[in-house]
Amino acid sequence: MFSTPSQAFDYADALSKSLLCFEGQRSGRLPYNQRVSWRHHSGLTDGLGQGVDLVGGYYDAGDHVKFGLPMAFTFHIDKEMGCYNVLMGCYREMEHALEAIKWGADYFTLDLMSI
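Residues numbered from 1 in each chain as written. Predicted model: local features only at pLDDT ≥ 70, side-chain atom pairs only at ≥ 80, totals over all residues. Heavy atoms only, no water.

Asks: Hey, could you run me through the overall build of the protein in this one?
Replies: On a plain count of helices and strands, the protein comes out with four helices and zero strands. In the protein, which comprises 115 residues, the proportion classed as buried is 31%. A sequence separation of at least 24 residues applies to 53% of the contacts in the protein between residues at least 6 apart. For the protein, the computed accessible surface area is about 7700 Å², with 64% contributed by carbon and sulfur atoms. (Helix = DSSP H or I, 4+ residues; strand = E, 2+ residues; numbered from the N terminus. Buried < 20%, exposed > 50% of the residue type's maximum accessible area, 1.4 Å probe, protein only. Contact = heavy atoms within 4.5 Å. Areas by Shrake-Rupley, 256 points an atom, 1.4 Å probe, with all protein chains shown as cover.)

Asks: Is there a simple way to explain the environment of Val55 in this structure?
Replies: If you trace the backbone, Val55 turns up in the loop between α1 (11–24) and α2 (68–78). Residues Val55 and Leu110 lie 55 residues apart in sequence; the distance between their C-alpha atoms is 8.3 Å. Leave out the neighbours within four places in its chain, and Val55 touches Gly28, Arg29, Gly43, Leu44, Thr45, Asp46, Lys66, Tyr107 and Leu110.

Asks: Help me understand the packing of aromatic side chains in this model?
Replies: For any pair of aromatic rings, geometry is given as the distance between the ring centres together with the angle between the planes. What the rule picks out here adds up to two aromatic pairs. Note on Phe22 and Tyr58: the rings are 5.5 Å apart at their centroids and 75° apart in plane angle, and the pair reads as edge-to-face. With Phe22 in helix α1 and Tyr58 in the loop between α1 and α2, the pair connects residues that are 36 residues apart, well separated along the chain. You'll find Phe22 and Tyr58 in the same group, each marked buried. Look at Tyr107 and Phe108: their rings are 5.6 Å apart centre to centre, the planes differ by 65°, and that puts the pair in the edge-to-face class. A cation over an aromatic ring shows up here: Arg26 above the ring of Trp103, its NZ or CZ 4.7 Å from the ring centre. (Phe/Tyr/Trp six-rings, centres within 6.5 Å; stacked < 30°, edge-to-face > 60°. Lys NZ or Arg CZ within 6 Å of the ring centre and 35° of its normal.)

Asks: What's the story with the environment of Trp103 in this structure? I'm lost.
Replies: Relative to the assigned elements, Trp103 resides in helix α4 (residues 94–113). Trp103 gets classed as buried once you look at its relative accessible area, which sits at 17%. C-alpha of Trp103 to C-alpha of Gly56: the two residues are 47 residues apart in sequence and 7.5 Å apart in space. Not counting residues up to four positions away in its chain, the partners in contact with Trp103 are Arg26, Ser27, Arg29, Leu30, Pro31, Gly56, Gly57 and Tyr58. Side-chain polar atoms of Trp103 contact the backbone oxygen of Gly57, separated by 2.8 Å. (Polar contact = N/O pair within 3.5 Å; in protein donor to acceptor, adjacent residues only side chain to side chain.)

Asks: Would you take a moment to explain the nonpolar core for this structure?
Replies: Side chains of a nonpolar character, in soluble globular proteins, are inclined to be buried together. Counting twelve residues, the largest nonpolar core is built from Leu15, Leu19, Phe22, Leu30, Tyr58, Met71, Phe75, Ala97, Ala100, Ile101, Trp103 and Tyr107. Counting residues per element, this core draws most heavily on α4, at five residues. Those residues in contact with Phe75, other than ones at most four positions away along the chain, are Tyr58, Ala100, Ile101 and Gly104. (Core = buried A, V, L, I, M, F, W, Y, C linked by side-chain atoms within 4.5 Å.)

Asks: Please clarify how the side chain of Ser27 should be interpreted in this entry.
Replies: Topologically, Ser27 is positioned in the loop between α1 and α2. Looking at Ser27, its side chain comes within polar contact range of the side chain of Tyr59, at 3.2 Å. Side chain to side chain, Ser27 and Lys66 meet in a polar contact 3.5 Å long.

Asks: Could you clarify how one ought to interpret the pattern of salt bridges in this entry?
Replies: Once their charged atoms are close, side chains differing in charge can pair, the charge on each being opposite to the other. One pass over the structure, following the stated rule, counts four salt bridges. Asp46 is the salt-bridge partner of Lys66, the closest N and O atoms lying 2.8 Å from each other. With Lys66 in the loop between α1 and α2 and Asp46 in the loop between α1 and α2, the pair connects residues that are 20 residues apart, well separated along the chain. Taking the relative accessible area as the measure of exposure, Asp46 reaches 25% and is therefore partly exposed. The closest approach of N and O atoms between Asp106 and Lys102, which form a salt bridge, is 2.6 Å. In this pair, Asp106 and Lys102 both sit in helix α4, four residues apart, roughly one turn of the helix. (Salt bridge = Lys/Arg side-chain N within 4 Å of Asp/Glu carboxyl O.)

Laid out in structure tokens, this is it:
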């Protein structure tokens, strides 16, 4: 749906829903404050057979596959989310945005430490 001059687009709602999408794609041991109630712990043995810890991160498209390059690009973009939150006045989503960035950053940090 395209916005018209008489109908402004609700960017705060779009941002909120995109952050919920990130929470729905989380892999690993989920935090107690997970807002997507149907998502449970998953991928807790990722990398175990190869002797590396690959638990965490985000699934790519709901297919239980994690691709590093698309995830890294996404988090490159998400770093700017803080600026967009401020510009759009979406302060209530700042905590969720920072949690989403930290979830991905923690995964990459773990991944690098296990090499």
